[in-house]
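Listed below are the residues making up each chain.
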Amino acid sequence: MGIKIHILSIGKGMPAWIEAGFAEYAKRMPRDFEIQLHEVSAIKRGENANCEHVKEQESLKLLEKVPKNTLKIALDPKGKKLSTELLAKELQIFYEEHQDIALFIGGPEGLSQACLKQMHQSWSLSDLTFPHALVRIIIAEQLYRAMTIIKKLPYHR
């Protein structure tokens, strides 16, 4: 048995290098740490776009994609700061409890407050600001690294 890690992200049709980077780490994961990407189309933003409304609509679309009995975790700058080792400890707990998780990656404006209130946890990857597309690769690599720590594989030194 294992866990499924659902990555729910705003944005479809990413550049090939984003898709290749994510795919590389996703395919390295063993079957008992499966990563699945669920993409939601971004809402078109014009000059006079109401960014708060766009963020709310995109967040609702992400919430609709969450499989049942899945723990929801926002990737948010205000979330709990994680080191790689702490991420491995969190992942180990989910693994031992057979708890599937969903990691939410918002669009350029992030996730709505209503969405954030529905999360079980909120994690911050860094004090730096990353493009939301790049976060897919960063989180996939860090999940892979955390899994290698859990399984005592040599990737993380």
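Up top is the structure these notes are about.
Right, let's walk through the structure included here. (Residues numbered from 1 in each chain as written. Predicted model: local features only at pLDDT ≥ 70, side-chain atom pairs only at ≥ 80, totals over all residues. Heavy atoms only, no water.)

**Observations concerning the sheet that holds strand 5 (residues 121-124)**
Step number 1: The strand order across the open sheet formed by five strands is 2-1-4-3-5, and the pairing between neighbours is parallel. What marks the edges here is a single partner per strand, and that holds for strand 2 (33-40) and strand 5. Going from strand to strand, the sheet's axes swing by 30° on average, the running direction of each strand aside.
Step number 2: In this sheet, strand 5 lies alongside strand 3 (residues 71-81) in parallel orientation, the contact comprising five bridges. Looking at the pairing, Lys80 lines up with Trp123 of strand 5. (Pairing = 2+ DSSP bridges. Helix = DSSP H or I, 4+ residues; strand = E, 2+ residues; numbered from the N terminus. Axes fitted to C-alpha atoms, helices over the stretch in contact; angles between N-to-C directions.)

**Considering the side chain of Thr70**
Step number 1: Tracing the chain through its elements places Thr70 in the loop between helix 2 (51-64) and strand 3.
Step number 2: Residue classification places Thr70 among the buried positions, given a relative accessible area of 6%.
Step number 3: When neighbours within four sequence positions are excluded, Thr70 is seen to be in contact with His6, Gln99, Asp100, Ile101, Ala102 and His120. (Buried < 20%, exposed > 50% of the residue type's maximum accessible area, 1.4 Å probe, protein only. Contact = heavy atoms within 4.5 Å.)

**Looking at the environment of Pro108**
Step number 1: Position of Pro108 relative to the elements: it lies in the loop between strand 4 (101-105) and helix 4 (113-117).
Step number 2: For the pair Pro108 and Phe130, spaced 22 residues apart in sequence, the C-alpha to C-alpha distance is 9.5 Å.
Step number 3: Excluding residues within four positions of it along the chain, Pro108 makes contact with Arg45 and His132.

**A short note on helix 1 (residues 16-28)**
Step number 1: The terminal C-alpha atoms of helix 1, which comprises 13 residues, lie 18 Å apart, in line with the 18 Å expected from a rise of 1.5 Å per residue.
Step number 2: Looking at helix 1, one finds that the buried residues are Ile18, Gly21, Phe22 and Tyr25. Down the axis, helix 1 shows its buried residues gathered within 90° of arc, on one side only. Looking at helix 1, the residues exposed on the side facing more than 90 degrees away from the buried face are Ala16 and Lys27. (Expected span 1.5 Å × (residues − 1). Arc of directions from axis to C-beta.)

**A closer look at the pattern of salt bridges**
Step number 1: In total, this model carries ten salt bridges according to the counting rule given.
Step number 2: Lys81 serves as the salt-bridge partner of Asp127, at 2.8 Å between the closest nitrogen and oxygen. Remark: Lys81 occurs in strand 3 and Asp127 occurs in the loop between strand 5 and helix 5 (132-150); sequence separation between them is 46 residues.
Step number 3: Accessibility expressed as a relative area gives 65% for Asp127, which makes it exposed.
Step number 4: A single network of salt bridges, built from pairs that share partners, joins Glu24, Lys27 and Arg28. (Salt bridge = Lys/Arg side-chain N within 4 Å of Asp/Glu carboxyl O.)

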